[in-house]
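# Overview (structure and organization)
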Amino acid sequence: GNLGFVDMGPVLTKIEGLRDRISFIISEADYMKSSEVEFHNQSLKMNAASVWWPVIQILVLIVTGIAWTVHLTSFFRKRKLV
């Protein structure tokens, strides 16, 4: 007979298939990790920008308020109301 030898062909084929699937899963995980890192970096940039936007708005309001105050004071002085 075959002296107790077992045909390892199907087992090796199955192992190779599993190895390919593991390789695919690892590459997908690497891709997802890089995508998550990119998303995180974009979130940090947007957060930094959103912190400065209200500061800019407040500065514009202050400058506008000062300009109006100067203008109205000048206007009332010219009309001799103050």
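Coordinates for the structure precede this section.
Now for a description of the structure that goes with this document. (Residues numbered from 1 in each chain as written. Predicted model: local features only at pLDDT ≥ 70, side-chain atom pairs only at ≥ 80, totals over all residues. Heavy atoms only, no water.)

## A few points about the overall build of the protein chain
Counted only if it meets this: Runs of H or I in DSSP of at least four residues are treated as helices and runs of E of at least two as strands, each being numbered from the N terminus. Only protein chains enter the accessibility calculation, which uses a 1.4 Å probe; a residue whose area is less than 20% of its type maximum is buried, one above 50% is exposed, and one in between is partly exposed. Each accessible area is a Shrake-Rupley result for a 1.4 Å probe, and residues are judged covered by the shown protein chains and nothing else. In summary, the charge assignment counts Lys and Arg as positive and Asp and Glu as negative, without counting His or the chain termini. For charged residues, the charge sits on one atom: NZ in Lys, CZ in Arg, CG in Asp, CD in Glu.
When helices and strands are tallied, the protein chain shows 1 helix and 0 strands. Taken over the C-alpha atoms alone, the protein chain extends approximately 125 × 10 × 10 Å along its principal axes. By the burial criterion, 0% of the 82 residues in the protein chain qualify as buried. In the structure as shown, the protein chain presents an accessible area of about 7900 Å², 70% of it carried by carbon and sulfur atoms. Counting 9 positive and 7 negative side-chain charges, the protein chain places the averaged centre of each group 36 Å from the other.

## Quick notes on helix 1 (residues 9-78)
Three or four residues apart is the spacing at which side chains of an α-helix point the same way, because the helix has 3.6 residues per turn. To keep it simple, the criterion reads: Here the expected length of a helix is defined as 1.5 Å per residue gap, with one fewer gap than residues.
Here helix 1 spans 103 Å end to end across 70 residues, near enough to the 104 Å set by a 1.5 Å rise per residue. With its phi angle positive at about 60°, Lys80 sits one or two positions after the end of helix 1.

## Quick look at the environment of Met8
The topology assignment puts Met8 in the segment before helix 1. With a relative accessible area of 43%, Met8 lands in the partly exposed category. Once the C-alpha coordinates of Met8 and Lys45 are considered, the two residues, 37 residues apart in sequence, prove to be 55 Å apart.

## With respect to the packing of aromatic side chains
Keep this limit in mind: Pairing of aromatic side chains requires ring centres within 6.5 Å, counting the rings of Phe and Tyr and the six-membered ring of Trp. Pairs whose planes differ by under 30 degrees are stacked, by over 60 edge-to-face, and all others tilted.
The tally for this structure, following the rule as stated, stands at 1 aromatic pair. Pairing Phe75 with Phe76 gives two aromatic rings, centres 5.5 Å apart and planes at 65°, and the pair type is edge-to-face. What makes Phe76 partly exposed here is its relative accessible area of 31%.

## Observations concerning a nonpolar patch on the surface
Put simply, the rule reads: Residues enter a patch when their relative accessible area is above 30% and they make no salt bridge; the linking distance is 9 Å between like charges and 5 Å between nonpolar side chains (Val, Leu, Ile, Met, Phe, Trp, Tyr). Between Lys or Arg on one side and Asp or Glu on the other, a salt bridge is scored when a side-chain nitrogen of the former is within 4 Å of a carboxyl oxygen of the latter.
Residues Val51, Trp52, Trp53, Val55, Ile56, Ile58, Leu59, Val60, Ile62, Ile66 and Val70 make up a contiguous nonpolar surface patch of roughly 1100 Å² in combined accessible area. Tracing the backbone shows Leu59 in helix 1.

## So, the pattern of salt bridges
Under the criterion given, the structure shown has 1 salt bridge. Its salt-bridge partner being Arg19, residue Glu16 comes within 3.8 Å of it at the nearest N-O pair. Pair noted here: Glu16 and Arg19 are both in helix 1, with a separation of 3 residues, about one helical turn. According to the relative accessible area criterion, Glu16 is partly exposed, its value standing at 38%. By relative accessible area, which is 53% here, Arg19 ends up exposed.

## Digging into unusual backbone geometry
The phi torsion at Lys80 lies on the positive side, around 60°, for a residue other than glycine. Its location among the elements puts Lys80 in the segment after helix 1.

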